[in-house]
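Analysis of the macromolecular model
Residues per chain are reported as follows:
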Amino acid sequence: MKIFKNELKKLICCPFLWGLLLVFTAFDVVMLLNDLSPGNYDYPTMYEAIVGSENADEGAAEYYRDFYSYYSTVYDSLDMNEIFRQKMALYYPEVPQDSAYFRWAQRNYAELQERVESIRKTGEGNGDFYPGQAFLSGERLYMPAFRIHRRLCGLLSRSLLESMIWAALAVLYLEDFERVNAAEEVVFSTRQGRGVQLKKVLAGALYGLSGAAVLFGVPLGTFAAAVPMRGLWGTSVSAFALTEPTTFFAYPFVTWAKMSVLGQLAASLGLCAALVYITVATCAGAYFFAKNGFFVMLGAGVAFLGTLLLPFAVPAGVGHTLSMMSPAVLWYSAGMWFIEFDPARGRWFEVVTVAVWTAAAAGIMRAGWRRYGE
Amino acid sequence: MKILFNEAKKLFSPILLIMIIIFAFFVCEGFMALPFWPQFHVGSPYETEVYGELIERFGPTLSRDELPGFYEFEEGLIRELEEELPKSKLFKENGIETYEGYLEAREELHTKRDTGGTLTEDEKALLEECERYTFREMPAGKLLFELQDLDRIDRDIEYGRALATDESIEYERDYLDMVGEERARLLEEKFRSEEMSLLPATPVEVIKNDVLLLTIICFAAVFSAVLLMLVTDRIRGIYPLAAASYTGKRIFKVQAVVCAGYGLLVGVLVCVIYGAALINKGAGAFLDCPIDNYYNDFWVKLSYRQYLLCMALAVVIFSGAAGLLSYIIGRLAANYISGLAAAIPAAVALGTAVYFATALFFSAQSAWVLERFWSSVALPFAITLPICAFAAAGVGLILKRDRGRDLL
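Quantities reported herein were computed from a predicted structural model and do not represent experimental measurements.

Definitions and limits used
- Residues numbered from 1 in each chain as written.
- Chains lettered and ligands numbered in written order.
- Predicted model: local features only at pLDDT ≥ 70, side-chain atom pairs only at ≥ 80, totals over all residues.
- Helix = DSSP H or I, 4+ residues; strand = E, 2+ residues; numbered from the N terminus.
- Rg over C-alpha atoms; globule rule 2.2 N^0.38 Å.
- Buried ≥ 20, exposed ≤ 12 C-beta atoms within 10 Å, placed from the backbone.
- Core = buried A, V, L, I, M, F, W, Y, C linked by C-beta atoms within 7 Å.
- Domains from an automatic or database assignment.
- Contact = placed C-beta atoms within 7 Å.
- Nonpolar A, V, L, I, M, F, W, Y, C, P; charged D, E, K, R; others polar.
- pLDDT = per-residue confidence, 0-100.
- Expected span 1.5 Å × (residues − 1).
- Arc of directions from axis to C-beta.

A word on the overall build of chain B
- From N to C terminus, chain B includes 16 helices and 2 strands.
- Computed over C-alpha atoms, the radius of gyration of chain B comes to 28 Å, more than 25% over the 22 Å expected from 2.2 N^0.38 for 408 residues, which places it beyond the range of a compact globule.
- In terms of principal-axis extent, the alpha carbons of chain B reach across some 95 × 45 × 40 Å.
- Here chain B holds 408 residues, and the buried ones make up 38% of them.

Observations regarding the nonpolar core
- Ranked by size, the top nonpolar core spans 185 residues in total, and within it Leu169(A), Leu227(B) and Val315(B) carry the most contacts.
- Considering each element in turn, this core owes the most residues, 20 residues, to helix 11 (residues 202-235) of chain B.
- Mapped onto the domain boundaries, this core takes at least three residues apiece from domain 1 (2-41 + 201-403) and domain 2 (47-197) of chain B.
- When near neighbours in sequence (up to four residues on either side) are disregarded, Val315(B) contacts Val211(B), Leu214(B), Thr215(B), Cys218(B), Gly267(B), Val270(B) and Cys271(B).
- In this structure, Ile96(B), Tyr99(B), Leu143(B) and Leu147(B) belong to the second largest nonpolar core, which totals 12 residues.

Quick look at the domain arrangement of chain B
All names here are of chain B.
- Considered domain by domain, chain B is made up of domain 1 (2-41 + 201-403) and domain 2 (47-197).
- Taken over C-alpha atoms, the centre of domain 1 sits 40 Å from the centre of domain 2.
- Every contact between the two is made by 17 residues of domain 1 and, on the other side, 19 residues of domain 2.
- Of the residues belonging to the side of domain 1 that touches domain 2, the class tally is 9 nonpolar, 3 polar and 5 charged.

Comments concerning the confidence of the model for chain A
- Across chain A, pLDDT averages 87, with 95% of residues at or above 70.
- Within the model, pLDDT remains below 50 along residues 140-144 of chain A, and this stretch shows 13 contacts once partners closer than five positions in the same chain are excluded.

A word on the interface of chain A and chain B
- Each partner contributes to the interface: chain A provides 20 residues, whereas chain B provides 19 residues.
- Counting residues per element, the ones that place at least two in the side of chain A that touches chain B are helix 2 (15-36), helix 7 (148-180) and helix 11 (293-313) of chain A.
- Examining the composition of the side of chain A that touches chain B, we find that 10 residues originate from one element, helix 11 of chain A, more than from any other.
- Of the residues that constitute the side of chain A that touches chain B, the class distribution is 16 nonpolar, 3 polar and 1 charged.

Describing helix 5 (residues 80-91) of chain A
Residue and element names in this part refer to chain A.
- Compared with an ideal rise of 1.5 Å per residue, which puts 12 residues at 16 Å, helix 5 spans 16 Å between its outermost C-alpha atoms and is within 8% of the ideal.
- Of the residues making up helix 5, those classed as buried are Met80, Phe84, Lys87 and Met88. Down the axis, helix 5 shows its buried residues gathered within 100 degrees of arc, on one side only. When the buried face of helix 5 is taken as reference, the exposed residues oriented beyond 90 degrees from it are Glu82, Ala89 and Leu90.
- Against the buried residues of helix 5 lie helix 6 (100-122).

Right, dumping it as structure tokens:
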């Protein structure tokens, strides 16, 4: 415990990590405020209209009524099987219709169709929320309006990347500490000394997760302060009010299971924590092989970019789905988790990806540790 | 000189070089516009080919006197296409024999489909045939895309955006009234000019997109190599030894020169490779075209070649500045990881500066330039110069400190 505390102290006393944390947090807050402050997005006024306050601005209330009545029938005609057909034709035209992969994806969408019917039946899609896209004079404009969901996605995406970088730097700083200070031979010449390396991983992971808590917490706090959300957190993510266009399509976010905005956020934060942990464990494991924090950090950056681009190089099919199962791809789609998004993803895509990578990171750690011990 | 070579040699780590090459490859293939231009760009995949042919015939600009020749060229393509259309049985059955007829039919079917109408089976088949002809049937598809490119020139002339007359310029009147006085005068002068540039929009868009990514590649290469060299020196305890002698102190200065030189070299190398790839893609045809037209709205009458050189110069300058900045960070960093941590915000700040400096350069399109000529020149320099000055001053201060250092 004493060693663990000492290692943690090394991190706490490290000024560059604090500096980087400050820079990242300031950057996030500035970006978020910039996102939230275009002149025509008057959140408090729209909030009054959404909750039906007596003091609501008449213009905003009329806008919201029009928006609501226009989209209220969207679930009546939403056909996920047709969306599947269109997406496959657009993104994966080369997949044969009689292949097992095609049938698997088709089954997923059939399941989503059942979910749509359940939303229709239970009225889950009717909740109030900030309008997801603009609406004018009875014509549908694919121009985003309040886009709360998209802003939350942007927030998660930025904070997640920064957290992963920060946590990786923290753990590699600790791992590299003895080497950089030319004390490697002294510390690691005994079994107990080598054991310090494992405690460093734990200290790095704890510190990395604490940093992630700040990197997510401050922007989320800023968001909560800037956007009135009381009573709206419980609205279903699948409510038609949240509808925002994604690439060529514009229909409500159909989640695989019933999920409120707050529920999705909480689950996403859990996934983010897992991804930060995976980053820490993978970097620490890679360090045991490379014994050089600098190259591990650079290698991690290159590997991240490579796995992000891998799905573009792999033809549609099982291989493509497997290539998408990486932390980089998950990061890229941050905020769109647990939602129908791509025919190559199934119901448990995010969870399975995180589980597989957690196991892989543990495997890398174990193999690296065995090699290091030798 | 020996010290210089010895210090320069330290920058070349084989593992690092491999990593940088892989990184550059990923950035190019994943995010740059050039690998996808012109094939997958929003413009036509045959844009460089057809505009290249026009430039070969009429030179880098098209004048009013050359318009009959241009229309003749266009009609030639239409005639070629109209020889291809009757080869389709479906087109024959639906009486589509002319280019105009083809466009009308396609437009009608698209409108019906997109406005919620239900297409009959015959209409679906006809629409499919139209799409097949556009995207898969050769040479008809190529001709259709080329005509689409020429149509853009036709529309520019018709709507007073180029070679404008008193009558046609009225289409742009609302726009001219909306922009500032100085810019409106410039635009009107451009629209009424006796010659129009044959440079399409995409060659400039590609550069605007890729300049930032090129500098990111340079930053990655410069920061990682310089940090590795300087921090390794620090860890090996070379600095106190170097500070103990007059010759040793010279090493500090030589290292700063090597870092700046390395930054410049990487910048030049990256620009040369990118330039070669750009020319290979067919952009060589546009080198003499004036950059300023309806799509590429600039205050000055640079040629595309001059524009490319200016952008390359920006990349090289910023890469050199990155060399100096990484020298500062490398000298101050106690270990690799703190060096990397400091390099991340530095690279983001430099990247932001590059983005604005190159986007604003002589551009009349961005609201940031305040719609004044002077601002399009002053702002890029106002962004670039302080960064270079800061980097140079920082290096100067560190070197001054080194002069006063001693072993004890």
